[in-house]
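Below, each chain spelled out in residue letters.
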There are 4 protein chains.
Amino acid sequence: MITVLKQGTSQAQMEHLIAWLKEQNLDVHVSRGQDYTILGLIGDTSRIDMELLGSLDIVESVKRVSEPFKQCSRQFHPEDTVVSVGKARIGGGHFCLIAGPCSVETEEQIIEVAEKVKAAGADILRGGAFKPRTSPYDFQGLGADGISLLLEAKKATGLPIVTEIMSAHYLDLFADVDIIQVGARNMQNFDLLKELGKTDKPILLKRGLANTLKEFLMSAEYIMSEGNQNIILCERGIRTFDTYSRNTLDLTIVPMLHELSHLPVIVDPSHATGKVRLVPPMALAAVACGADGVMVEVHNDPIRALCDGAQSLRPEQFASLAGKMRTVRKAVAQ
Amino acid sequence: MITVLKQGTSQAQMEHLIAWLKEQNLDVHVSRGQDYTILGLIGDTSRIDMELLGSLDIVESVKRVSEPFKQCSRQFHPEDTVVSVGKARIGGGHFCLIAGPCSVETEEQIIEVAEKVKAAGADILRGGAFKPRTSPYDFQGLGADGISLLLEAKKATGLPIVTEIMSAHYLDLFADVDIIQVGARNMQNFDLLKELGKTDKPILLKRGLANTLKEFLMSAEYIMSEGNQNIILCERGIRTFDTYSRNTLDLTIVPMLHELSHLPVIVDPSHATGKVRLVPPMALAAVACGADGVMVEVHNDPIRALCDGAQSLRPEQFASLAGKMRTVRKAVAQ
Amino acid sequence: MITVLKQGTSQAQMEHLIAWLKEQNLDVHVSRGQDYTILGLIGDTSRIDMELLGSLDIVESVKRVSEPFKQCSRQFHPEDTVVSVGKARIGGGHFCLIAGPCSVETEEQIIEVAEKVKAAGADILRGGAFKPRTSPYDFQGLGADGISLLLEAKKATGLPIVTEIMSAHYLDLFADVDIIQVGARNMQNFDLLKELGKTDKPILLKRGLANTLKEFLMSAEYIMSEGNQNIILCERGIRTFDTYSRNTLDLTIVPMLHELSHLPVIVDPSHATGKVRLVPPMALAAVACGADGVMVEVHNDPIRALCDGAQSLRPEQFASLAGKMRTVRKAVAQ
Amino acid sequence: MITVLKQGTSQAQMEHLIAWLKEQNLDVHVSRGQDYTILGLIGDTSRIDMELLGSLDIVESVKRVSEPFKQCSRQFHPEDTVVSVGKARIGGGHFCLIAGPCSVETEEQIIEVAEKVKAAGADILRGGAFKPRTSPYDFQGLGADGISLLLEAKKATGLPIVTEIMSAHYLDLFADVDIIQVGARNMQNFDLLKELGKTDKPILLKRGLANTLKEFLMSAEYIMSEGNQNIILCERGIRTFDTYSRNTLDLTIVPMLHELSHLPVIVDPSHATGKVRLVPPMALAAVACGADGVMVEVHNDPIRALCDGAQSLRPEQFASLAGKMRTVRKAVAQ
């Protein structure tokens, strides 16, 4: 950590600060320039509050040299993490296709979609049982019944399933779920992350609507710090000034996350764009920039979907897209 | 709700859609223009999924005419809500000053700060016991012990207390807390909101970092829909492209919330700016645009603060600010 | 255009507004709902000020049904526009690779880079002569001399050239330039756009840092409204809250622009990301989602580049990338 | 400037870089930590390209210690700049009220508004003659005729006038204008800024829609670097994800600009909010946080305004607001 002192800092003030820093078990290297004095702080700076330091009258600015994340960092774990569920593998060169309806509605619906996406090449079935909705008056999902229906579809097709959790209170219901999803709104629900860190289930962690790359990795770190190393990161669009698509898909984070972390990274173009016709081009772009997987919404009857139908492909559209994704994957992997 | 149909929509397609809308218990008024046909949907449209409608091939766009919020809307409750805790009143012309340290640390610290902010005119004591931190390795607050210390300070000074909850799991610990705070990161933790809606405690709901005015009100609506009408809205800065202050304080939302809702609105300039020297001007600006209260961080010894010291005033700075706030309040209330 | 009147609007107020609208040569269709009255405005509404209408006390909201852009709209010009310079074609199925240094520095430099990018498959040479820099103390480009050097490189290689204009005052200097670039900061320099609309040069129009899709198309419309139909739209990253890359590349705008407009769309991953190692994955993603071309910075000696070297590939990196782009192009075009 | 070298940088690589830095006339202080090596660069670093340095394989990060702005910095000019036009003073404790219509329309209109805002206490008359509009089909202002009408109003009332320039091409028309305004869209039109720097007219520089505090000051620096020191900075709202007001008024920049720069800072709540009813509370908030002036739109007949009528107060509303602003100014100045 580097601390730059303001012009006019007295020797006594500087020594007072250095004494305090040494109390925090840090070594301090002093480097005097013409206008500014720079303190290099050596040791475990992860517990130092940068904002506190930066608030002191004599401090011009503070900068971290090393990143505060550890277990998710590629620096300490150079090889890719591969998450395995059933026959599916995600990361480390394994590409994974996750598909299914926004919400689970009926047994017929979920089994029909499951069979069709399996036939089209999906590796994992997705479907919402607990639904986070902006309004308390909107459909909130089938809850426990939705999970039962997903388990029926798993039995019928052999596809592993992923579905979202909204509160650790319901963790027991997820005993037979293969991957537990944490939605964008809960990316910094730290109590939930800690509880999931105590399980051994793979966690699909979605990026929050306005969270930085570092905050995203720190949320993965919350789960890992409790012992669970099976995490899949998912980019699903961020909030910006433009409104032509629901959110702005930030694909550049894919290669950037791969550089900083060993965790697999997938992309959800359905929630990001909110429009069926934008899903195929953005799914292909996600593959082209190196995503380890893509998660798309597929529905057998969009007009009747209880929610989010706007972003769901029909099974035949998904089948065509899946073929193109494989071709692009090959092209960029060469 | 208004639905505009695309050019080239056939009569059969339109009739199919109208039939589906009528199944949803809506009346449909058709209005044909030169290029477009407009459907006016009459009835309870709050359960209609706008995005689903908008996704249909024949639909150009969809627009809500009436707002989806009900209980927090001024339309259905024209007079201001006044929240009362102890002798403090917030809203309806009552101005309220909330002050205290970012984190509760020791009995001496919290009692000393409580006494000093009370002397300076604070109506309510704030202090963090459960702390949401970006990193799992940062100080997470004293938890239950922190709440006990706050209760000691309440006993010593008579000030009501407000402190943050991070999970409904800990609700029992808040039995003697006067106001329960929901932090920005949990503004859309809907399960937590529902649980708080079942209590009769006043809730201080902070706006999320990237949440719109409507989402903010819908989160209040989640609490109210379960029965709890005692809600204080709190603007605390949003995330934008600029980084000179920690967040961008969005004061314009204060008069806008007052227009749309009867709930009291306060402002937290400490977390928004992250810099002590920006707190006084922004606290005064908050008062000038009509806030029903201001919440500021005050600490007896900023250099030793375990967290967020960067944004804490010293008690004597707070006393001076409190005086100016009262003067501005009078000036704008005339 | 649809105007929704507030509850409680009197008959006289409504008639007053309708009279004013008819003065503006519009037909008005009135549609009364239970709570609201809707006015459908028929005719040329492009000159109506939506914000003025929306500001009236009796008006709840205003919504445009048809888009305000005309000449750039696919609605009025269904087939793709193809821009031709020399042997290069952009749009309508023709893919185009633009490459070159950020700044033109010396004759040797620009000719060497031009030869190498030509050998690697570039169709057009780019190079900055007039450089927009945040600071007046930063290198501002070689100006007229830079354009002369670009023309030398054109003569040596046969590649058409594209370079940025910063003021219509210098238009004469661009007489032999093949494509004139308008930079992001000048996207809404309307006087410059109008002047360029009076030329017959192809214009490469970059999206502004915080401009919406509609504003982007309206700036193209400024050029087209003066007579010049040869426009290439270029996405180059937008400004968001995250700072891990220089800007956030908004690739979703590529298919969206193709849907709304007939103009060709290219992507500049170099300026968007600001980091060499992010350029190849994002260039491939741009191709995968349907861009008509990619513009990348290539430099023969990054360490000595006077500006923006951080985002320049070496020629051999570019050659490898060009090959992969062709493969992905084929994969998605199938 | 501080440059942090990555772990694993060889001695030879480091020496190569240091040699290059010394060629740029910089002294280099080397400071070795456990994991990282830090280079402190001493001397005139304003011409060093941070992004180039940061792009090198061996470089972890680069940070400026001193700000790149000079002439606008309070460090080099501690006392406040006071801009004088006629009897009006802005800055250094002088508060200034600027008012007038969005667009100049007729002689009667502008003279009537000028007389009324003068009576209500305005110090300067504003009015648009050249109007930047998103659409080429929208009303573009009366141009030269509009300036003539403003000069009539100046003659009639004695109020100095401010109006916007959109191209240096029209500079001659501004010979008798008292303050030349640069609009948000032209904040980084560097050629225009340089031309204005060669005049001796006071410049009212509006912040761009998505420009940072530093970019804002650097644009002032462009003008000052050419010799013109008479600059008024104007905050007018930034673009964020929320759309309930037209832009997000960023009032925190007012005290922050006062800290960093000696230039006066005013606020335009009319364009920021886009809604008449939000103008008074935000104007009062601007005064409360220390703005040196406020600029508001006032119109004698909002319904007929050709543009931006939505944000214009009537003269009597302005008079009432002006009184309250003076009271708040006194309250915070104590």
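Residues numbered from 1 in each chain as written. Chains lettered and ligands numbered in written order. Predicted model: local features only at pLDDT ≥ 70, side-chain atom pairs only at ≥ 80, totals over all residues.

Please explain the overall build of chain A as it appears in this structure.
On a plain count of helices and strands, chain A comes out with ten helices and 14 strands. Put simply, chain A has 334 residues, and 60% of those count as buried. Partitioning the contacts of chain A with sequence separation of at least 6, the portion at a separation of at least 24 is 65%. (Helix = DSSP H or I, 4+ residues; strand = E, 2+ residues; numbered from the N terminus. Buried ≥ 20, exposed ≤ 12 C-beta atoms within 10 Å, placed from the backbone. Contact = placed C-beta atoms within 7 Å.)

Looking at this model, I keep getting lost on the relation of the copies chain D and chain B. Mind explaining?
The relation between the two copies of this chain is a rotation about an axis and a shift parallel to it. Overlay of chain D on chain B (RMSD 0.0 Å): rotation 180°, translation along the axis 0.0 Å. What the superposition gives is, in effect, a two-fold axis relating one chain to the other. Among all C-alpha atoms of chain D, that of D:Ala285 lies closest to the rotation axis, at 2.1 Å. Both copies share a contact surface, since 100% of the interface residues of chain D are interface residues in chain B too. (Least-squares fit on C-alpha atoms with pLDDT ≥ 70 in both.)

Is there a simple way to think about the interface of chain D and chain B in this case?
The parts lose accessible area when they come together, and the size of an interface is often stated as this lost area. Between chain D and chain B, the residue contacts involve 31 residues of the former and 31 residues of the latter. Elements with a minimum of two residues in the side of chain D that touches chain B: helix H7 (253-260), helix H9 (279-288) and helix H10 (315-333) of chain D. Here the side of chain D that touches chain B takes six residues from H9(D), the largest share from any one element. In terms of residue class, the side of chain D that touches chain B is built from 20 nonpolar, eight polar and three charged. (Nonpolar A, V, L, I, M, F, W, Y, C, P; charged D, E, K, R; others polar.)

Help me understand the environment of B:Gly293 in this model?
Residue and element names in this part refer to chain B. Residue position: Gly-293 is located in strand E14 (residues 293-297). The class of Gly-293 is buried, set by 27 C-beta atoms lying within 10 Å. Along the primary structure Gly-293 and Lys-87 are separated by 206 residues, whereas in three dimensions their C-alpha atoms are 15 Å apart. Excluding residues within four positions of it along the chain, Gly-293 makes contact with Ile-90, Phe-95, Cys-96, Leu-97, Ile-98, Pro-264 and Ile-266.

I'm lost on the domain arrangement of chain A in this one. Help?
Under the domain assignment used here, chain A contains domain 1 (2-63) and domain 2 (74-333). Taking only C-alpha atoms into account, the centre of domain 1 of chain A sits 43 Å from that of domain 2 of chain A. (Domains from an automatic or database assignment.)

Is there a simple way to explain the sheet that holds strand E8 (residues 124-126) of chain B in this structure?
Hydrogen bonds along the backbone pair up the strands of a sheet, which may run parallel or antiparallel. Residues and elements named next belong to chain B. Around the barrel, which closes on itself, the eight strands sit in the order E7-E8-E9-E10-E11-E12-E13-E14 with parallel pairing between neighbours. The average angle at which neighbouring strand axes cross in this sheet is 30°, direction not considered. By the bridge criterion, two bridges tie strand E13 (residues 265-267) to E14 in an arrangement that is parallel. Of the residues in E14, the one forming a bridge with Ile-266 is Gly-293. (Pairing = 2+ DSSP bridges. Axes fitted to C-alpha atoms, helices over the stretch in contact; angles between N-to-C directions.)

I would appreciate a short explanation of the sheet that holds strand E4 (residues 59-63) of chain B in the present structure.
All names here are of chain B. Taken together, the four strands give an open sheet; going across it, the order is E2-E3-E1-E4, and neighbouring strands pair in antiparallel fashion. With partners counted over all chains shown, the strands left at the sheet margins are strand E2 (27-32) and E4, one partner each. Across this sheet, the average inter-strand angle for adjacent strands is 20°, counted without regard to direction. With four bridges connecting them, strand E1 (residues 2-5) and E4 associate as antiparallel partners. Following the sheet pairing, Val-4 is matched in E4 by Ser-61. Running over the sheet, helix H1 (residues 11-23) touches E1, E2 and strand E3 (37-42) and is turned about 150° from E2.

Teacher, can you tell me more about the packing of helix H3 (residues 107-119) of chain D against helix H4 (residues 144-157) of chain D here?
Residues and elements named next belong to chain D. Interaxial distance between H3 and H4 falls to 9 Å at its minimum, and their mutual angle equals 40°. The angle between H3 and H4 places the two elements in the oblique class. Between H3 and H4 lies a crossing whose hand is right-handed. Counted together, Glu-107, Ile-110, Ile-111, Ala-114, Glu-115 and Lys-118 of H3 and Leu-149, Leu-150, Glu-152, Ala-153, Ala-156 and Thr-157 of H4 form the full contact between these two elements. Split by residue class, the contact of H3 with H4 holds seven nonpolar, one polar and four charged. (Parallel < 35°, antiparallel > 145°, perpendicular 65-115°, else oblique. Left-handed = near helix turned anticlockwise from the far one by under 90°.)

What am I meant to see in the nonpolar core here?
A general trend in soluble globular proteins is that nonpolar side chains are found buried together. One finds A:Ala288, B:Ala288, C:Ala288 and D:Ala288 to be the most contacted residues of the largest nonpolar core, which totals 390 residues. Beyond its immediate sequence surroundings of up to four residues, D:Ala288 is in contact with B:Leu284, B:Ala285, B:Val287, B:Ala288, B:Val328, D:Val328 and D:Val332. (Core = buried A, V, L, I, M, F, W, Y, C linked by C-beta atoms within 7 Å.)

Explain the pairing of strand E9 (residues 161-165) of chain B to me, please; I cannot follow it from the model alone.
In the case of a regular strand, side chains alternate between the two sheet surfaces. Residues and elements named next belong to chain B. The buried fraction of E9 is high, at five of five residues. Summarising the sheet, E8 and E9 pair through two bridges and their orientation is parallel. Bridging across to E9, Leu-125 finds its partner in Ile-161. In this view, the connection linking E8 to its parallel neighbour E9 by way of helix H4 (residues 144-157) has right-handed handedness. Strand direction decides the pairing type here: E9 and strand E10 (residues 179-182), joined by four bridges, are parallel. Considered in E10, the bridge of Val-162 is made with Ile-179. (Right-handed = clockwise from strand over helix to strand, strands pointing away.)

Please clarify how helix H6 (residues 213-224) of chain C should be interpreted in this entry.
Along an α-helix, a turn takes 3.6 residues, which lines up residues three or four apart on a common side. Residue and element names in this part refer to chain C. Its twelve residues place the ends of H6 17 Å apart at the C-alpha level, agreeing with the 16 Å of an ideal helix rising 1.5 Å per residue. The element H6 is extensively covered by neighbouring structure, given that ten of its twelve residues are classed as buried. For H6, the elements touching its buried residues are helix H5 (190-197), strand E11 (203-206), strand E12 (231-235) and helix H7 (253-260). (Expected span 1.5 Å × (residues − 1).)

Looking at this model, I keep getting lost on the environment of B:Pro264. Mind explaining?
Residues and elements named next belong to chain B. You can see Pro-264 is positioned in the loop between helix H7 (253-260) and E13. Look at Pro-264 and you get buried, because 28 C-beta atoms sit within 10 Å. Ignoring any residue separated from it by four or fewer positions in sequence, one finds Pro-264 in contact with Thr-81, Val-83, Ile-90, Gly-91, Ile-232, Leu-233, Asp-292 and Gly-293.

I keep staring at H7(D) and nothing clicks. Help me out?
With six of its eight residues buried, H7(D) lies for the most part within the structure. Tucked inside the fold, the buried residues of H7(D) contact helix H9 (279-288) of chain B together with helix H6 (213-224), strand E12 (231-235), strand E13 (265-267) and H9 of chain D.

Which parts of the structure should I look at to understand the packing of helix H5 (residues 190-197) of chain B against helix H6 (residues 213-224) of chain B?
Helix-helix packing: each pair is described by the crossing angle between the helix axes and the interaxial distance. Residue and element names in this part refer to chain B. Across the interface, H5 lies against H6 with an axial gap of 7 Å and an inter-helix angle of 45°. Relative to H6, the element H5 lies oblique. When H5 is examined against H6, the residues Phe-190, Leu-193, Lys-194, Leu-196 and Gly-197 are found in contact with a partner set consisting of Ser-219, Tyr-222, Ile-223 and Met-224. Class assignment for the residues of the contact of H5 with H6 results in six nonpolar, two polar and one charged.

It is not clear to me how unusual backbone geometry should be interpreted in this structure. Could you clarify?
Comment: phi is negative for the bulk of residues other than glycine, and the bulk of peptide bonds are trans. All names here are of chain A. The phi dihedral of Asn-25 is positive, around 65°, even though this residue is not glycine. The residue Asn-25 is located in the loop between helix H1 (11-23) and strand E2 (27-32) in this model. A tally of 11 C-beta atoms within 10 Å means that Asn-25 is categorised as exposed.

How should the confidence of the model for chain A be read in this particular structure?
Caution applies to low-pLDDT regions: their predicted coordinates should not be interpreted in detail. On average, chain A scores 90 in pLDDT, and the residues at 70 or more come to 94%. Interface predicted TM-score (ipTM) for the complex: 0.89; the corresponding pTM is 0.91. (pLDDT = per-residue confidence, 0-100.)

Help me out: how do you make sense of the environment of D:Gly128 in this one?
Residue and element names in this part refer to chain D. By the element assignment, Gly-128 lies in the loop between strand E8 (124-126) and H4. The exposure class of Gly-128 is buried, given the 25 C-beta atoms found within 10 Å. The sequence separation of Gly-128 and Gly-143 amounts to 15 residues, and the corresponding C-alpha distance is 8.5 Å. Filtering out sequence-adjacent residues up to four positions away, Gly-128 remains in contact with Cys-102, Ser-103, Val-104, Gly-141, Thr-163 and Glu-164.

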